[in-house]
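Commentary on secondary and tertiary structure
Letter by letter, the chains look like this.
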Amino acid sequence: MRIVLLGPPGAGKGTQAKRIVSEYNVPHLSTGDMLRAAVLAETCIGLKVRETMESGQLVPDTLVLAAVIERISQSDSQRGFVLDGFPRTMSQATAFDDLLVTEGLELDHVIELHVDENVLLDRILTRARETKEGGGLVRPDDNYETMKVRLDAYNRQTAPLVDYYRSKSL
Ligand code: ADP
């Protein structure tokens with residue numbers, strides 16, 4: 001089963017991805033998690049993307065693509081995968097199509113999670129407040145100003161993918 005989850009920040013892509021992967025026994029591939037791990041480990045990619053991620057903007061397509069290609073070639077991804085947070089731009093979507101064709105693979109479903117913007121803002125700010133109160137580590141991009149940038153990036157760069165995949169009957 002190969003599924004792509006589309007949805008703005010706070011829509012619940014991570015939560016739904018976890019439920020789907022446990023149902024189908026496939027890996028959960030979250031580009032946000034991959035990039036955050038790279039930042040934490042201070043890898044070459046991590047050092048390059050840290051500031052961009054903290055600003056709420058999208059990191060360069062080539063860096064994300066490299067990470068996805070690497071991850072999809074691993075043995076557990078041969079069973080399928082749930083992609084969470086990728087593709088996020090038209091150019092990532094077309095590059096991903098090329099990759100699928102090269103590998104002889106097809107997507108089964110693309111699922112859009114649609115949530116009102118005020119609810120998204122409220123969820124993210126509540127998550128940040130509760131994490132802070134619980135002594136946890138708050139994501140540096142979970143604040144009002146950066147959420148606005150993330151929502152804007154979603155509306156401008158990612159939302160067009162809904163029609164793109166719809167036109168492919170996915
Ligand atoms: P959210 O959906 O809440 O914004 P993610 O964990 O998916 O959270 O992404 C966090 C950040 O990681 C994004 O704001 C962006 O900077 C970077 N990122 C994740 N996936 C991609 C991608 N496919 N292309 C470009 N940047 C990405």
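In case you missed it, the structure is sitting above this.
Cut-offs applied
One numbering rule holds for all chains: residues counted from 1, following each sequence as written. With pLDDT at 70 or above as the cut-off, local features in this predicted model cover only qualifying residues; side-chain atom pairs require 80 or more to be listed or tallied, and sums for whole chains, interfaces and linings still use all residues. To get the side-chain values, all heavy atoms of the structure are used, and hydrogens and water are removed first. Any residue with a non-hydrogen atom lying within 4 Å of a molecule or strand is treated as near it. By the criterion applied in these results, polar contacts are pairs of N or O atoms within 3.5 Å in which, for protein atoms, one can donate a hydrogen and the other can accept it, and in which residues neighboring in sequence qualify only through two side-chain atoms. Residue-level accessible areas treat just the shown protein chains as cover; the underlying method is Shrake-Rupley with a 1.4 Å probe. Here a cavity is any set of points on a 1 Å grid over the protein atoms alone where a 1.4 Å probe fits but cannot get out, and a pocket is any open set with protein on both sides within 12 Å along at least 5 of 7 lines; a residue lines the site when it has an atom within 4 Å of a point. Those molecules having more than half of their atoms within 2 Å of a cavity or pocket grid point set are described as sitting in that cavity or pocket. We count a stretch as a helix when DSSP gives it H or I for four or more residues in a row; a strand needs E for two or more, and each element gets its number in order from the N terminus. Residues are grouped as follows: nonpolar covers Ala, Val, Leu, Ile, Met, Phe, Trp, Tyr, Cys and Pro; charged covers Asp, Glu, Lys and Arg; every other residue, Gly included, is treated as polar. Grid points are joined across faces, edges and corners, and a volume is the space filled by probe spheres set on the points. The length a helix should cover is 1.5 Å for every residue beyond the first. For each residue, the accessible area found with a 1.4 Å probe, counting protein chains only, is set against the maximum for its type, and the residue is called buried under 20%, exposed over 50%, and partly exposed in between. Each direction from the helix axis to a C-beta atom contributes to the arc, which is the arc of those directions. Two residues form a contact once any of their heavy atoms are found within 4.5 Å. Pairing between strands is defined by DSSP: at least two bridges between the two strands are required. Geometry is summarised by axes, namely lines fitted to C-alpha atoms with helices restricted to the contacting stretch, and by angles between N-to-C directions that run from 0 to 180 degrees.

**Description of the site of the ligand**
Taken together, 17 residues sit near the ligand, with Lys 13, Thr 31, Gln 57, Gly 85 and Arg 150 positioned nearest. Here a nitrogen atom of the ligand and a backbone polar atom of Gly 85 are 2.8 Å apart. A distance of 3.2 Å is found between an oxygen atom of the ligand and a side-chain nitrogen or oxygen belonging to Arg 139. For the ligand, the protein covers 96% of the area, taking 550 Å² as the surface of the free molecule. More than half of the atoms belonging to the ligand lie within 2 Å of the grid points that define the largest pocket. The dominant element in the shell around the ligand, judged by the number of residues it contributes, is helix H2 (residues 31-40), at 4 residues. Partitioned by chemical class, the residues of the shell around the ligand number 7 nonpolar, 5 polar and 5 charged.

**Observations concerning empty space enclosed by the protein**
Scanning the model with the defined rule gives 1 cavity of 30 Å³ or more in all. The volume enclosed by the largest cavity comes to roughly 60 Å³. Residue lining of the largest cavity: Leu 5, Leu 6, Gly 7, Pro 8, Pro 9, Lys 13, Gly 85, Phe 86, Pro 87, Arg 88, Tyr 154 and Thr 158, and that is the complete set. Of all the elements in the fold, those that place two or more residues in the lining of the largest cavity are strand E1 (2-6) and helix H7 (144-158). Its residues assigned to classes, the lining of the largest cavity shows 7 nonpolar, 3 polar and 2 charged.

**Considering helix H1 (residues 13-24)**
With 12 residues, H1 extends 16 Å between its outermost C-alpha atoms, agreeing within 8% with the 16 Å of an ideal straight helix rising 1.5 Å per residue. Burial in H1 covers these residues: Lys 13, Ala 17, Ile 20 and Val 21. Projected down its long axis, H1 shows its buried positions confined to an angular sector of 100 degrees, all on one face. Opposite the buried face of H1, by more than 90 degrees, sit the exposed residues Thr 15, Lys 18, Arg 19, Ser 22 and Glu 23. On the buried face of H1, the contacting elements are E1, strand E2 (28-30), strand E3 (81-84) and strand E4 (109-112). Looking one or two residues beyond H1, the residue adopting positive phi is Asn 25, at roughly 55 degrees.

**Notes on the sheet that holds E3**
Strands sit in the order E2-E3-E1-E4 across an open sheet of 4 strands; the sheet is parallel. Sheet topology places E2 and E4 at the edges, where each strand pairs with a single neighbour. Across the sheet, the axes of successive neighbouring strands diverge by a mean angle of 20 degrees, strand direction being ignored. In this structure, E1 lies alongside E3, joined through 4 bridges in parallel fashion. In the sheet register, Arg 2 faces E3, and the bridge partner there is Phe 81. Most of the contacts of H2 go to E2, to which it runs at about 65 degrees, and overall it touches E2 and E3.

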